[in-house]
Amino acid sequence: MCLVFINSMSFCLFRTELYSYTEEPEFSLNRDYFEEDFKNHVKGRRWMELSMEEQRAYVMRLLDALEVTDRDKRLKVARAILYLAQGVFDECDTETDVLYWSRHNVFLLYDMGIFTALLELLSMEIDNNQACSSAVRKPAISLADSTELRVLLSIMYLMVETIRVEMEGDSPERKAARETFKTELGSPLFNGEPFALLLFTMVTKFCSMNAPHFPMKKVLLLLWKTILFTLGGFEELQEMKVRMREQLNLPPLPEDSIKVVRNMRAASPPASAMELIEQQQQQKRGRRSRRPLVKQDSLDTYNERDPFKNDDVRDEEDDPEDMDSGIEGEVDPLDRDVIIQPPPPPPLLRPPTERLSFPKGLPWAPKVREKDIEHFLETSRNKFIGFTLGNCQSESPLLIILYLGMLPSLSQYVIALLKLLLAAAPTSKAKTDSINILADVLPEEMPITVLQSMKLGIDVNRHKEIIVKAIAALLLLLLKHFKFNHIYQFEYVAQHLVFANCIPLILKFFNQNIMSYISAKNSICALDFPHCVVHEMPELTAESLEAGDSNQFCWCNLFSCINLLRILNKITKWKHSRTMMLVVFKSAPILKRALKVKQAMMQLYVLKLLKIQTKYLGRQGAEPVRKTRSQILKNIDARPWDFQAEECALRESIEKFNTHRYDKNQNSDFTPVDNCLQSVLGQRVDLPEDFHYSYEMWLERGVFSQPIQWEGLLQAQ
């Protein structure tokens, strides 16, 4: 019965990422509190042996116990509820059983109103000034300072993530519960704002140093999954695009670029001059030469036909870091036949002889905008485009609610997320004034043995990787949905990212040994949930921790890198001033090193970023790259107003859009006219008490008997 819907490893992976390894002793603590209370009320039986009505009655008793004033008793009840959400693992024999009962219990908890009760407790903990002031005064924050918050956020995350994922064989009741929960999370039902806004508030409060004990990893994971649930993922977004284009009678999309890139092969990066010299020397000595650099045909054709192609694509500059051979102590990535690809897909349902074929050139349609062509041909015609309202009926209600809630403090949200991203980046150096993101991973007692130190080091690195993953996915999701909803909503978020130095931050993130980051092994499989609660714990040794898991690559880090590249593409695409920022910050050698990762999707977005810069670099030929860059910088210094004017014009249009549509305290010049018949007739108008006695006479004298001056009315318009 359990194998009906457990078909994906990702469902278990998201649960694993929720917990740090230092939280592992708390699993048994949750079980003990549950069994202590359960045996007092249901004697001689197990949870799995109860009928549905008996289970509902017990959950109702737990719900009543959450309202006690005693903080310690309330925490014990919350831990018992968390044990139910974790799948009553002490009664299970396999990980599949744990996931099955976790799903069963989560739907039961939601049906009994547990989420609303948890939300009230979470709001109380956020507003707990005593806990905040105590944490601020502490010289070091540890796991114990965030116990209540971690328990509450863990239950809420399990509920959101479990109900969000639709499984084959779900009953109509579960499908209805999913839609109801989705609407509740996206609607302003929680203190007049969506649930995501409460989590954003936790992020900004933490980054302002007012609540250093907040467990940021859990907050960010829950925020990401809440946005993913309420707005939908990339597949749902693509389906919405198709439906919207059909409604507006627009031509269908030529292709889905994500589906296309999944069928592409990864390419080897261009060889540098030093690598070519080394090849020749090895051939002269008779040693084994490097294997030929073979790229896919479509990318070769792309390089031949690209009008902005740079003649010298093999060498950016004599940068020692650019010649990095990958991971220290390993074979150069160019010598290896390993290509990073996703796990093998399930067997195809079509005959094996049928294969995908793409035309010569790029496997997707070229994207050339008429607006840019017109701007290029008629640069002298630089007229201001007036603000237009557009078709506001095409906007999604849940997204409008979220945008309205984020609008007043959007800059704070963006800055806070980028602060966390900077703190979690592997290239960042520890500073005394930087924020501490390790509040929910550091134990109360620091390690005293080498083994404990190694375990904590792995846990800290894994903790940072998950934070980067959640932030990158969250920002990309918001950008894509806002762009689909209204272009000015997207531009508003993108401009705040640019103003908050998102471009140099992402480049700083990639200015590292990217192959080492992609192949990092910061995980201990024996401690992953639910493996650690079902199987016996093996003896951990320094050798086993150093060896890591059996995976050759860290999919969490690869996922983060691809999303960060996509964010960088989105905020720089078609923006000349931002593209010049890529040139000024010398992103080309940094991005070129990222091409060493042999994964097609990552290489695609790196090449996109390199392509948009080539028209600013010009034909270099044999000239040193430094001279070209210095000439570009001189041109930038000579004409800075061109790029400033572009951003200022965009900002002015965005402000007009926000003021016109969302500002409640509008000036009369920007007040929109309400031309909706239902809205106008539904407005309440205060009239004198004696009006209903004389309104017929007023109509006869003031309306019907007066001729209408049509010419004067037209002149007035």
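Quick caveat, the model's predicted, so the values are computed rather than measured.

Caption draft 1: Seen up close, the overall build of the chain. When you go through the chain residue by residue, the secondary structure sums to 33 helices and zero strands. Buried residues in the chain amount to 47% of all 717 residues. When contacts within the chain are restricted to residue pairs at least 6 apart in sequence, long-range pairs at least 24 apart make up 82% of them. Only carbon and sulfur atoms are counted for the fraction: they give 54% of the accessible area of the chain, which is about 38,900 Å².

Caption draft 2: Region of the structure containing the environment of Leu 50. As for its placement among the helices and strands, Leu 50 is situated in the loop between helix 2 (25-41) and helix 3 (52-65). Not counting the four nearest positions on each side in its chain, Leu 50 is found in contact with Phe 38, Val 42, Arg 45 and Gln 55.

Caption draft 3: The side chain of Lys 217, seen in detail. Among the structural elements, Lys 217 can be located in helix 11 (residues 216-231). The buried charged residue Lys 217 lacks any salt bridge partner; its closest oppositely charged side chain belongs to Glu 23, at an N-O distance of 5.0 Å. With near-sequence residues (within four places) excluded, Lys 217 lies in contact with Glu 17, Leu 18, Tyr 19, Ser 20, Asp 440, Arg 462, His 463, Ile 466 and Ile 467.

Caption draft 4: Highlighting the packing of aromatic side chains. Throughout the structure, instances matching the rule amount to 26 aromatic pairs. Their ring planes at 45° and their centres at 5.1 Å tell us that Phe 27 and Phe 529 sit as a pair that is tilted. Remark: Phe 529 occurs in the loop between helix 22 (514-518) and helix 23 (531-534) and Phe 27 occurs in helix 2; sequence separation between them is 502 residues. One exposure class covers both Phe 27 and Phe 529, and it is buried. Judged by centre distance (6.3 Å) and plane angle (75°), the ring pair of Phe 34 and Trp 47 falls under edge-to-face. Note that Phe 34 is positioned in helix 2 and Trp 47 in the loop between helix 2 and helix 3, a separation of 13 residues in sequence. Connected via pairs of aromatic rings, a cluster forms that spans Tyr 19, Phe 27, Phe 34, Phe 38, Trp 47, Tyr 58, Tyr 83, Phe 89 and Phe 529. The ring of Phe 234 has Lys 480 lying over it, and the distance from NZ or CZ to the ring centre is 5.5 Å.

Caption draft 5: Summary view of the environment of Ala 588. Mapping Ala 588 onto the fold places it in helix 27 (residues 587-594). A relative accessible area of 7% means that Ala 588 is categorised as buried.

Caption draft 6: Structural view of the packing of helix 10 (residues 195-207) against helix 18 (residues 410-424). Between helix 10 and helix 18, the least distance of the axes is 9 Å, while the angle of their chain directions is 60°. Between helix 10 and helix 18, the angle falls in the class oblique. By crossing handedness, the relation of helix 10 to helix 18 is classed as left-handed. Taken together, the residues of helix 18 that come into contact with helix 10 (itself represented by Leu 197, Phe 200, Thr 201, Val 203, Thr 204, Phe 206 and Cys 207) are Gln 412, Tyr 413, Ala 416, Leu 417, Lys 419 and Leu 420. Partitioning the contact of helix 10 with helix 18 into residue classes produces nine nonpolar, three polar and one charged.

Caption draft 7: Broad picture of unusual backbone geometry. A cis amide bond links Phe 529 to the next residue, Pro 530, at an omega of 5°. Positive phi, close to 55°, is recorded for Lys 586, a residue that is not glycine. Mapped onto the secondary structure, Lys 586 falls in the loop between helix 26 (576-584) and helix 27.

Caption draft 8: Up close: a nonpolar patch on the surface. Together, Trp 698, Val 703 and Phe 704 make up an exposed nonpolar region whose accessible area comes to about 350 Å². For Val 703, the location among the structural elements is in helix 32 (residues 691-704). Classification of Val 703 as partly exposed rests on a relative accessible area of 38%.

Caption draft 9: Structural view of the nonpolar core. Core analysis: the biggest nonpolar cluster contains 170 residues, and Trp 47, Phe 195, Leu 420, Phe 510 and Met 602 have the highest contact counts within it. Setting aside chain neighbours within four positions, we find Met 602 in contact with Phe 510, Ile 514, Leu 558, Cys 561, Ile 562, Leu 565, Ala 594 and Val 597.

Caption draft 10: Quick look at helix 21 (residues 502-510). Here helix 21 lies mainly inside the structure; seven of its nine residues are buried. Cys 502, Ile 503, Leu 505, Ile 506, Leu 507, Phe 509 and Phe 510 are the residues of helix 21 that are buried.

Caption draft 11: Seen up close, the confidence of the model for the chain. When pLDDT is averaged along the chain, the result is 78; 73% of the residues meet or exceed 70. Predicted confidence for residues 635-641 stays below pLDDT 50, and this span has two contacts to residues more than four positions away or in other chains.

Caption draft 12: Highlighting the pattern of salt bridges. Evaluation of the coordinates by the stated rule reveals 22 salt bridges. Between Arg 150 and Glu 26 there is a salt bridge, and its shortest N-O distance comes to 2.9 Å. Residue Arg 150 is located in helix 8 (residues 147-164), and its partner Glu 26 is located in helix 2; the two are separated by 124 residues in the primary sequence. Neither residue differs from the other here; Arg 150 and Glu 26 are each classed as buried. Here Glu 655 makes a salt bridge to Arg 651, at a shortest N to O gap of 3.6 Å. Taken together, the residues span about one helical turn, with Glu 655 and Arg 651 both in helix 30 (residues 640-662) at a distance of four residues. You can call Glu 655 partly exposed: its relative accessible area is 43%. Judged by its relative accessible area of 44%, Arg 651 falls in the partly exposed class.

Caption draft 13: Layout of the state of the cysteines. Here the structure, examined in full by the defined rule, presents zero disulfides. The thiol of Cys 554 is not disulfide-bonded; the next cysteine sulfur, from Cys 556, is found 5.0 Å away. A relative accessible area of 12% places Cys 554 in the buried class.

Caption draft 14: Broad picture of the packing of helix 11 against helix 19 (residues 450-485). It is at 9 Å that the axes of helix 11 and helix 19 come closest, and there the two elements cross at 30°. Viewed along their axes, helix 11 and helix 19 adopt a mutual orientation that is roughly parallel. Both helix 11 and helix 19 take part in a crossing whose hand is left-handed. Residues Lys 217, Leu 220, Leu 221, Leu 223, Trp 224, Ile 227, Leu 228 and Leu 231 of helix 11 form the contact with helix 19, whose own contacting residues are Arg 462, His 463, Ile 466, Ile 467, Lys 469, Ala 470, Ile 471, Ala 473, Leu 474, Leu 477, Leu 478 and His 481.

Caption draft 15: Representation of the environment of Leu 121 in the model. With respect to the helices and strands, the residue Leu 121 is situated in helix 6 (residues 114-126). Looking at Leu 121, the relative accessible area reads 9%, which means it is buried. Distance in space between the C-alpha atoms of Leu 121 and Glu 67 is 9.1 Å, their sequence separation being 54 residues. Discounting residues that sit within four places of it in the chain, Leu 121 has contacts with Leu 66, Arg 74 and Leu 152.

What counts, and where the lines are drawn
- Residues numbered from 1 in each chain as written.
- Predicted model: local features only at pLDDT ≥ 70, side-chain atom pairs only at ≥ 80, totals over all residues.
- Heavy atoms only, no water.
- Helix = DSSP H or I, 4+ residues; strand = E, 2+ residues; numbered from the N terminus.
- Buried < 20%, exposed > 50% of the residue type's maximum accessible area, 1.4 Å probe, protein only.
- Contact = heavy atoms within 4.5 Å.
- Areas by Shrake-Rupley, 256 points an atom, 1.4 Å probe, with all protein chains shown as cover.
- Lys, Arg positive; Asp, Glu negative; His and termini not counted.
- Salt bridge = Lys/Arg side-chain N within 4 Å of Asp/Glu carboxyl O.
- Phe/Tyr/Trp six-rings, centres within 6.5 Å; stacked < 30°, edge-to-face > 60°.
- Lys NZ or Arg CZ within 6 Å of the ring centre and 35° of its normal.
- Axes fitted to C-alpha atoms, helices over the stretch in contact; angles between N-to-C directions.
- Parallel < 35°, antiparallel > 145°, perpendicular 65-115°, else oblique.
- Left-handed = near helix turned anticlockwise from the far one by under 90°.
- Nonpolar A, V, L, I, M, F, W, Y, C, P; charged D, E, K, R; others polar.
- Patch = residues over 30% accessible without salt bridge, like charges linked within 9 Å, V, L, I, M, F, W, Y side chains within 5 Å.
- Core = buried A, V, L, I, M, F, W, Y, C linked by side-chain atoms within 4.5 Å.
- pLDDT = per-residue confidence, 0-100.
- Disulfide = S-S within 2.5 Å.

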